[in-house]
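Results of the structural survey
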Amino acid sequence: MFIYANDAYIFIAMHISHNEIGYSDVTGVLLAGGKSTRMGSDKVNLEVSGQTVFERSLDFLQQLFSRVIIASNRPELALPGIPAIPDIFPGSALGGIFTGLKSAETDWVFVTPCDMPYPDSRIVELLFRLHEGADAIVPLTPSGYEPVFAFYHKKCLPVFEDALKRGRKSIFALYPQLNVRFLECQNMPADWEKSMLNINTPEDLERVMKDYELNHRLFRSSPKVAQAGRPCPES
């Protein structure tokens, strides 16, 4: 069992191997091909809790999947055993998903962007429980689909490729052509909204940092932290 005190809250998770969960036929794909236009600076380098969001997302995938690749036209992002693969059809999240799916040696990929500071492995597990017979499994919230925090099977490749060749870049517009299963928010953990948060603008980053600082103070003052026998993070 691991106890994580990052982000000013304690998260307890049972350590389960990739094969025990059933992720042995899944490759984790980190989407890092965006231009960060709305942010005005490179989102890969944005820091939350002393770690870049890119590093946080990559660590998240590595904890879940034995195979991880980065869909990006930036070769400098590659790490030992984790290749950065240039987009076959650059310029969209759909192109990144297609590249990851085409490059993966597994039938399934799980994709996540590099700008989600609080991804939740519980949601990943709930999604994967729906994978039998599906082409894709996608979260569905009151705001709509979450197509870049989702599972896709190689059966999606012909549909994605045809759309990209036609210049179509909307992911969810292709769902009617696929057998997609949806995980609705009422079936997710109560704090699902935090997991689905993206940092797209400076205002988003400011909100995340304020949330972190508030929870950090609450974490330090919590008597449960002292009972857990772990030091509080320094302010």
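Scroll up for the structure.
All of the points below concern the structure found in this document.

Procedures and definitions
- Residues numbered from 1 in each chain as written.
- Predicted model: local features only at pLDDT ≥ 70, side-chain atom pairs only at ≥ 80, totals over all residues.
- Heavy atoms only, no water.
- Axes fitted to C-alpha atoms, helices over the stretch in contact; angles between N-to-C directions.
- Helix = DSSP H or I, 4+ residues; strand = E, 2+ residues; numbered from the N terminus.
- Parallel < 35°, antiparallel > 145°, perpendicular 65-115°, else oblique.
- Left-handed = near helix turned anticlockwise from the far one by under 90°.
- Contact = heavy atoms within 4.5 Å.
- Nonpolar A, V, L, I, M, F, W, Y, C, P; charged D, E, K, R; others polar.
- Phe/Tyr/Trp six-rings, centres within 6.5 Å; stacked < 30°, edge-to-face > 60°.
- Buried < 20%, exposed > 50% of the residue type's maximum accessible area, 1.4 Å probe, protein only.
- Polar contact = N/O pair within 3.5 Å; in protein donor to acceptor, adjacent residues only side chain to side chain.

Time to look at the packing of helix 3 (residues 93-103) against helix 5 (residues 157-165). For the pair helix 3 and helix 5, the least separation of the axes is 10 Å and the interaxial angle reads 140°. Relative to helix 5, the element helix 3 lies oblique. The chirality of how helix 3 crosses helix 5 is left-handed. Contacts between helix 3 and helix 5 pair Leu94, Gly95, Ile97, Phe98, Leu101 and Lys102 from the former with Leu157, Phe160, Glu161, Ala163 and Leu164 from the latter. The class makeup of the residues in the contact of helix 3 with helix 5 is eight nonpolar, one polar and two charged.

Going through the model one piece at a time under the given rule, you end up with 16 aromatic pairs. Look at Tyr23 and Phe65: their rings are 5.0 Å apart centre to centre, the planes differ by 50°, and that puts the pair in the tilted class. Of this pair, Tyr23 sits in the loop between helix 1 (18-21) and strand 3 (26-31) while Phe65 sits in the loop between helix 2 (53-64) and strand 6 (67-71); the two residues are 42 residues apart in sequence, bridging distant segments of the chain. By the burial criterion, Tyr23 is buried, and Phe65 matches it. Linked through ring pairs, Tyr23, Phe60, Phe65, Trp108, Phe110, Phe128, Phe149 and Phe151 together constitute an aromatic cluster.

Moving on: the environment of Ser92. As for its position among the elements, Ser92 is in the loop between strand 7 (84-85) and helix 3. In this structure Ser92 comes out as buried when scored by relative accessible area, which is 17%. Sequence separation of Ser92 and Leu31 is 61 residues, and the distance between their C-alpha atoms is 9.9 Å. When residues no more than four places from it in sequence are discounted, the contact partners of Ser92 are Leu164 and Lys169. Among the polar contacts listed, one links the side chain of Ser92 to the backbone nitrogen of Gly95, at a separation of 3.0 Å.

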